[in-house]
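Listed below, chain by chain, are the residues.
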Amino acid sequence: MVGRPLAVLLALLTVFGPISMDLYLPLLPALTLELGAATATAQLTVTACLLGLALGQVVAGPVSDRFGRRLPLIVGVVAYVLTSVLCAASPTVELLILARFVQGLAGGVGIVISQAAGRDVYSGPALMRYYGRLTVLGGLAAIVGPLIGGQLAKATDWRGLFLFLAGIGAALLVAVLPVFRETLPAAHRTGGGLRHTVRDFRRLLADRHLLGAVLVTGFVSAALFAYLSGATYVLQEHYGLSPQGYSLAFGLNSLGFMVFGYLSARLSERWSRQATLVLGLALCAAGALGLLATGLFGLPLAAVVLSLLALVSGVATTTPPATSLALENHAELAGTASSLLGLARFGFGGLAAPLVGITGSTTALPLGLVTVAAIGLAAATCLVLLRSAAPPSNSTESRPAESRPAEPHAAASPANR
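Residues numbered from 1 in each chain as written. Predicted model: local features only at pLDDT ≥ 70, side-chain atom pairs only at ≥ 80, totals over all residues. Heavy atoms only, no water.

Student: Which parts of the structure should I look at to understand the overall build of the protein chain?
Tutor: Assigned secondary structure in the protein chain consists of 16 helices and zero strands. By the burial criterion, 61% of the 417 residues in the protein chain qualify as buried. Considering only residue pairs separated by 6 or more positions, the protein chain has 87% of its internal contacts joining residues 24 or more positions apart. Accessible surface, the protein chain as shown: approximately 14900 Å² in total, 72% of it carbon and sulfur. (Helix = DSSP H or I, 4+ residues; strand = E, 2+ residues; numbered from the N terminus. Buried < 20%, exposed > 50% of the residue type's maximum accessible area, 1.4 Å probe, protein only. Contact = heavy atoms within 4.5 Å. Areas by Shrake-Rupley, 256 points an atom, 1.4 Å probe, with all protein chains shown as cover.)

Student: Help me understand the packing of aromatic side chains, please; the structure alone is not making it clear to me.
Tutor: How two aromatic rings sit relative to each other is given by the distance of their centres and the angle of their planes. For the coordinates displayed, the defined rule picks out three aromatic pairs. When the ring of Tyr24 is compared with that of Phe162, the centres are 5.3 Å apart and the planes differ by 40 degrees; the resulting orientation is tilted. Residue Tyr24 is found in the loop between α2 (16-22) and α3 (28-34), and its partner Phe162 is found in helix α8 (residues 158-179); the two are separated by 138 residues along the sequence. Just as Tyr24 is buried, Phe162 falls in that class too. Their ring planes at 55 degrees and their centres at 5.2 Å tell us that Phe219 and Phe348 sit as a pair that is tilted. A residue pair is termed long-range when its members are at least 10 positions apart, and Phe219 in helix α10 (residues 208-238) and Phe348 in helix α14 (residues 334-352) qualify at 129 residues. Taken together, the ring pairs in this structure connect Tyr24, Trp158 and Phe162 into an aromatic cluster. (Phe/Tyr/Trp six-rings, centres within 6.5 Å; stacked < 30°, edge-to-face > 60°.)

Student: How should I be thinking about the nonpolar core in this particular structure?
Tutor: Soluble globular proteins tend to pack their nonpolar side chains together in the buried interior. Counting residues in hydrophobic clusters, the biggest one holds 111 residues, and the most contacted among them are Phe180 and Tyr227. Among the elements that take part in this core, α10 stands out by supplying 16 residues, more than any other. Residues in contact with Phe180, not counting those within four places in the same chain, are Leu6, Leu9, Leu10, Leu13, Arg69, Arg70, Leu73, Ile113, Ala117 and Ala175. (Core = buried A, V, L, I, M, F, W, Y, C linked by side-chain atoms within 4.5 Å.)

Student: Honestly, helix α5 (residues 70-89) in this entry has me stumped. Any pointers?
Tutor: Along an α-helix, residues three or four positions apart point the same way, because every turn accommodates 3.6 residues. For α5, spanning 20 residues, the distance from its first C-alpha to its last is 30 Å, which sits close to the expected 28 Å at 1.5 Å a residue. Within α5 the residues assigned to the buried category are Pro72, Leu73, Ile74, Gly76, Val77, Tyr80, Val81, Thr83, Ser84, Cys87 and Ala88. Turning to α5, the residues buried within the fold contact α1 (4-13), α2, α4 (39-67), α6 (93-121) and α8. (Expected span 1.5 Å × (residues − 1).)

Student: Would you take a moment to explain α10 for this structure?
Tutor: With 31 residues, α10 ought to run about 45 Å at 1.5 Å a step, and its terminal C-alpha atoms sit 43 Å apart, in line with that. Within α10, the axis deviates most sharply at Gly230, by approximately 45 degrees. Of all the 31 residues making up α10, 26 are buried; the element is thus mostly covered by neighbouring parts of the structure. Where α10 begins, the side chain of Asp207 points an oxygen toward the backbone nitrogen of His209, at a separation of 2.9 Å. In the stretch just after α10, Gly240 is the one whose phi turns positive, near 75 degrees. (Bend = angle between axes of the 7 residues up to and from the residue. Polar contact = N/O pair within 3.5 Å; in protein donor to acceptor, adjacent residues only side chain to side chain.)

Student: It is not clear to me how the pattern of salt bridges should be interpreted in this structure. Could you clarify?
Tutor: Close approach of charged atoms allows side chains with opposite charge to pair. All chains considered together, the criterion is met by three salt bridges. As a salt-bridge pair, Arg159 and Glu34 come within 3.4 Å of each other at their nearest N and O atoms. Remark: Glu34 occurs in helix α3 and Arg159 occurs in helix α8; sequence separation between them is 125 residues. What makes Glu34 partly exposed here is its relative accessible area of 45%. Among the ionic pairs, Asp120 bridges to Arg69, the shortest N-O distance being 2.8 Å. Taken together, the residues Asp120 in helix α6 and Arg69 in the loop between α4 and α5 connect sequence positions 51 residues apart. Take Asp120: its relative accessible area is 0%, and that puts it in the buried class. Within the structure, one salt-bridge network assembled from shared partners comprises Asp65, Arg69 and Asp120. (Salt bridge = Lys/Arg side-chain N within 4 Å of Asp/Glu carboxyl O.)

Have a look at this one:
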């Protein structure tokens, strides 16, 4: 049985990467002005963090499969604290972009290890519920980050927000040292060097089932992070909201993300993961088309907020079933498979984020175009790859936990004793 302290810590580990991505977004216009940067250049601080989060998971996943989960996690959290301080002290936008990239690398470690360690200690319906919690917390961190940042902006500037992130990292380090015990016994770790790692990645990518889930995750994340990058300018510069008003508008989206992330995990258990995925994509499409219509026809603020709510609720709905579909057949490579999900999620997001700033991002039209394109690609991937390679619905999750054979390494894990 997994102890409550470990369960809580695993859930929190998925937070500090996403929240570092956008906590400072309410002050991004002020940062742009202070550092004398163009809008698109300042948005590269978001892109750099996203790409770092993606690449950090690509490295940390295989490393944790080979050396265990605990040591890479400790190294990642320490690096996160140091680079957050460096972000706060950056005198130029160029140095800040570099520091953000390294901060993202460090933040990616916690995300991938929280997913892989969960696969170590959970199975069956409990694993699906766990991924539902990760979806709610990870996505909520990304959505609620600006809400927290907007309130902190009353007392500090953007540099103070990065010091706040350093404090979060330090608190997690204090929690990790006594609570997080190794979840992957030595007998179940992978061997070999770089060549072996490349072979593992090739093996995973040859699985059309996994590849489809990874690509769907990447495309819906591109829409989400385009929104997170562009909405701050649309809502503040075009609709005239203050940083606090902007953060409150995000509060509604936070509620939607929480509710739909929770419901998605439950629906995937009782209904069908594939059907839940389609439902999530339909919500995403409604939100993206609403943003496009807003940009084309100059719809009022309420239309933007409701469209964003539909978009983020759809992303929350797609994530638990996509994660489960990607990892279900690869327990022995959970870290490496999780890193592919992270690479798609944050890599695609990093590529999409600056696109909404090319024209200054003072209307919703660029945001609508990017999100419609991303969700269209996600829907096409779901249709072509997931349907052609789909196994019987919920072949593992639909059975009670006690009837499913335990994973060998999960039974041996100290966290399960």
